[in-house]
Amino acid sequence: MIQARDIIIYSPQRWGYMWVSKHWMASELAKKNRVLFISPPIWLGGLRVPQSVTKVFKRILLDHRRRIAPNLKLFSPYLLPRLIRKGDVEASVTSQIVRELTKLKFRNSIFINFDVHHYLLRQIGEAVSIYYAVDPAFINEATADYETHTCQKSDLLLAVSEAYKRKLQKLAPGREVHIVPHGYDYRKAHKLATRSEQNVPKEMLNLKGPIIGYVGSVYDAFVDLDLISFLSRVKPHYNFVFIGPYKNNPIAPSLSKIGCQKLRRLPNVKLLGPKHFNSLPYYIRCMDIGMILHNVASKGSPFSPRIRTPFKLLQYLSQGKPVVSTQLNELSELTDIIYLAKTPNDFADAIDAALQEDISKRFSRMEYASNFSYEKILNRISELIFDFEKTR
């Protein structure tokens, strides 16, 4: 694995108690390297609006510059109201990052870019630049070509799945795209799943009947709310527990008011809200089944949910939990260890089948998940970097 290097990670999500793949990777790499985690810029224009002042100051205190661990630092550039033109904004963000890197004395750095800010490439003194596509690029009319430029200017292109690989190949014809799937803290999850110690979260203590759980953001264009309503109605004695943000979501849209009211009316649906990343395995341990509820018919997502690769899959499988999912293309080859459902009735039947299955499948799931431990995924990325540096 990479050691004794300076690593820059640019994330479209802020640092906080809700971790996704970028946060895990930064934390793991910082054990043997120096890491600077750059999160989205802080818009200072909110200081002009009284109701926004507290929110802006909170971000300044928490996100502008902070040490998270001995070798892991956080930095967020400022966006100034006087900078209106796109070029001025990009120049300001770049110069702030360069100053921060100079201050930290970063040298010969590896830039792992989870966003499409191509204007940073070859401007921040990086020795190797990597574009790692794990989420859809959130672009608008003014930034429509940003991902194309990012692909063309980066040294290495990584995609989390076959679907994302095909997408990047169209943007950069002739370039090699390497598939590097999500990684997960498999050791911790496996240890928790196989030990006898009990540490049950209080919200899960008094639930009677099977617990069918979901971990992740809950919002209309992503989660199939009609499917949830159907399951609640046909399985009234089952508990459908949702762990994840549904309002004031820091990494995705929030659930609409109508959608929230719809779910709250369902007596056996529990919206528990977001939980700290360290506590999530304890909630998952209490589940009988894990759900993936991507709304495959949604028109409101920038990248079809059907071809998304869910990070939560590894969270469930690492503890051997049965998984019932809507029809996602990337999961079609896993039907020996998970359940895919085409219709709401299929989904309900799959839940019943999963509750009655043979325990041996549990070990098959954990074995599959072990292939995606952080050690293995980071070793794969390290190999690609070493190979690139040998040939340049």
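In the block above lies the structure referred to throughout.
Residues numbered from 1 in each chain as written. Predicted model: local features only at pLDDT ≥ 70, side-chain atom pairs only at ≥ 80, totals over all residues. Heavy atoms only, no water.

Quick notes on the overall build of the protein chain
- Along its length, the protein chain carries 14 helices and 16 strands.
- Relative to a compact globule of 392 residues, whose C-alpha radius of gyration would be 21 Å, the protein chain shows 22 Å and is just as compact.
- Reported as C-alpha extents along the three principal axes, the dimensions of the protein chain are approximately 60 × 55 × 40 Å.
- A buried classification covers 55% of the 392 residues belonging to the protein chain.
- Long-range pairs, those at least 24 residues apart, make up 71% of the contacts in the protein chain between residues at least 6 apart in sequence.
- Of the roughly 18400 Å² that the protein chain leaves accessible, carbon and sulfur atoms contribute 52%.
- With 57 positive and 35 negative side-chain charges, the protein chain shows a separation of 7 Å between the mean positions of the two kinds. (Helix = DSSP H or I, 4+ residues; strand = E, 2+ residues; numbered from the N terminus. Rg over C-alpha atoms; globule rule 2.2 N^0.38 Å. Buried < 20%, exposed > 50% of the residue type's maximum accessible area, 1.4 Å probe, protein only. Contact = heavy atoms within 4.5 Å. Areas by Shrake-Rupley, 256 points an atom, 1.4 Å probe, with all protein chains shown as cover. Lys, Arg positive; Asp, Glu negative; His and termini not counted. Charge placed at Lys NZ, Arg CZ, Asp CG, Glu CD.)

Thoughts on unusual backbone geometry
- Positive phi outside glycine occurs at Asn108, with the angle close to 50°.
- By the element assignment, Asn108 lies in the loop between α3 (86-104) and β7 (109-113).
- Classification of Asn108 as partly exposed rests on a relative accessible area of 46%.
- Of note, the phi angle at Arg122 is positive, near 65°, even though the residue is not glycine.
- Tracing the backbone through its elements, the reader meets Arg122 in the loop between β7 and β8 (126-133).
- With relative accessibility at 59%, the residue Arg122 sits in the exposed group.

Observations regarding the packing of helix α6 (residues 186-194) against helix α13 (residues 360-369)
- Relative orientation of the contacting elements α6 and α13 amounts to 160°, with a least axis distance of 10 Å. Between α6 and α13, the angle falls in the class roughly antiparallel. Every pair of crossing elements has a handedness; the one defined by α6 and α13 is left-handed. Residues Tyr186, His190, Ala193 and Thr194 of α6 pack against Arg362, Met366 and Ala369 of α13.
- The class makeup of the residues in the contact of α6 with α13 is four nonpolar, two polar and one charged. (Axes fitted to C-alpha atoms, helices over the stretch in contact; angles between N-to-C directions. Parallel < 35°, antiparallel > 145°, perpendicular 65-115°, else oblique. Left-handed = near helix turned anticlockwise from the far one by under 90°. Nonpolar A, V, L, I, M, F, W, Y, C, P; charged D, E, K, R; others polar.)

Things to note about the nonpolar core
- The biggest cluster of nonpolar side chains holds 67 residues, and the ones touching the most others in it are Ile9, Ile97, Ile112, Tyr132 and Ile381.
- When residues of this core are assigned to their parent elements, the largest contribution, seven residues, is made by helix α14 (residues 374-391).
- Apart from the residues lying within four places of it in its own chain, the contact partners of Tyr132 are Met25, Ile112, Asn113, Phe114, Leu158, Ala159, Val160, Val180, Pro181, His182 and Ile381.
- Among the nonpolar cores identified, the runner-up in size contains 58 residues, and Leu207, Leu266, Leu293 and Ile351 belong to it. (Core = buried A, V, L, I, M, F, W, Y, C linked by side-chain atoms within 4.5 Å.)

Some points on the packing of helix α1 (residues 21-29) against α14
- Between α1 and α14, the least distance of the axes is 11 Å, while the angle of their chain directions is 80°. Comparing the axis directions of α1 and α14 gives the class roughly perpendicular. Here α1 contributes Ser21, Trp24, Met25, Glu28 and Leu29 to the contact with α14, which in turn contributes Tyr374, Leu378 and Ile381.
- Residue composition of the contact of α1 with α14, grouped by class: six nonpolar, one polar and one charged.

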